[in-house]
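Structural description and commentary
For reference, the chains in residue letters:
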Amino acid sequence: MSLVVKDNSLINASYTLGLVEQRLILLAIIEARETSKGIDAETFLEIHAQHYADRFHVDVKNTYAMLSDAVMTLFNRQVTYMTIDEKRNKPEKRVVRWVSGISYVEGAGIVKLRFAPEIVPLITRLEQNFTSYELMQVANLNLYATRLYELLVSWRSAGKTPIIELSDFRSKLGLLDQEYKLMHNFKNRVLDPAIEQINEHTDITVKVEQHKTGRSITGFSFKFKQKKKTESKTSKNSDSSPRIEKPSQIPTNIVK
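Predicted, not measured: the structure shown is a model, and the values here were computed from it.

So, the overall build of the protein
In terms of regular secondary structure, the protein is built from eight helices and 11 strands. With 256 residues in all, the protein has 49% of them scored as buried. Taking as baseline every contact in the protein between residues at least 6 positions apart, the subset at least 24 positions apart corresponds to 66%. When the accessible area of the protein is evaluated, it comes to approximately 12,900 Å², of which 48% is carbon and sulfur surface.

Listed below in structure tokens is the structure:
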């Protein structure tokens, strides 16, 4: 089973990634688990163009070039997340890079990446607040649906999320300030298609509720439930549902 595991502070972080970049990170996590290499700040993890094509149902013909471009842009990406300053017991906003190194194996259809030291514990720390899910659940999702699915399943034990303030929600989805600023564009191009894809392709069904201050929508909350095994179109063998613990209580009102 191809299991993706992330710390909930990373699930709830703010970052902007393209779809291929997001998938690169997921495949690197899978690579570390399936090869027993583990994830550390020294090891380069391989992503094969053929594996990418197989996992995400795309034509392998142009996959290596696509991965080469994505791993280069990923090298310059950063992530903002909240942690706790243990000395002062106060919230601390931290900005780090996703990866500390990338490389290419020309003629082999392989790219490699090495996670940055600060990211490693957020992917490997499993003792407390974490979310896990099968890669197949997001194989047919676009970028926004993937991010929304991750946010939702981090609250799987509750079956619902708290109200997520609009600017915070946009940030978690990876939207830039100037993207889909009008609410009808945001709903038609981002939120509604993401919900539709999640309901069609994953192991949960979700409903959204919008919350207003006056006449303006200022936040969203979600309720969702696990599909019966026969309902899920993506899960062929769902004997083991993903293991989810209580979401992190670290504040998540972060900015980029």
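The structure having been displayed, the exposition proceeds.
Here's the deal with the sheet that holds strand β10 (residues 204-213)
Pairing in this open sheet of three strands is antiparallel, and the strands run β9-β11-β10 from one edge to the other. Taken across any chain shown, the strands that pair with only one partner, and hence form the sheet edges, are β9 (164-165) and β10. Of the pairings in the sheet, the one linking β9 to strand β11 (residues 216-226) comprises two bridges and is antiparallel in character. The partner of I164 across the bridge, within β11, is F220. Of the strands in this sheet, β10 and β11 are in contact with helix α8 (residues 183-201), which crosses β10 at around 155°.

Observations regarding a nonpolar patch on the surface
A contiguous nonpolar patch, built from M72, F75 and Y104 and spanning about 260 Å² of accessible area, is present on the exposed surface. Residue position: Y104 is located in strand β6 (residues 99-105).

Details of the sheet that holds strand β7 (residues 110-115)
Pairing is antiparallel in the open sheet, where three strands are placed in the order β3-β7-β6. The two strands at the open ends of the sheet, each matched to only one other strand, are β3 (45-48) and β6. The average angle at which neighbouring strand axes cross in this sheet is 25°, direction not considered. As paired strands, β6 and β7 are joined by six bridges and run antiparallel to one another. Bridge pairing links I102 to L113 in β7. The strands touched by helix α2 (residues 19-34) within the sheet are β3 and β7, with β3 carrying the most contacts at an inclination of about 115°. Contacting β3, β6 and β7, helix α4 (residues 63-75) crosses the sheet at an angle of about 160° to β6.

Analysis parameters
- Residues numbered from 1 in each chain as written.
- Predicted model: local features only at pLDDT ≥ 70, side-chain atom pairs only at ≥ 80, totals over all residues.
- Heavy atoms only, no water.
- Helix = DSSP H or I, 4+ residues; strand = E, 2+ residues; numbered from the N terminus.
- Buried < 20%, exposed > 50% of the residue type's maximum accessible area, 1.4 Å probe, protein only.
- Contact = heavy atoms within 4.5 Å.
- Areas by Shrake-Rupley, 256 points an atom, 1.4 Å probe, with all protein chains shown as cover.
- Pairing = 2+ DSSP bridges.
- Axes fitted to C-alpha atoms, helices over the stretch in contact; angles between N-to-C directions.
- Patch = residues over 30% accessible without salt bridge, like charges linked within 9 Å, V, L, I, M, F, W, Y side chains within 5 Å.
- Salt bridge = Lys/Arg side-chain N within 4 Å of Asp/Glu carboxyl O.

That's the geometry; what it means functionally is another story.
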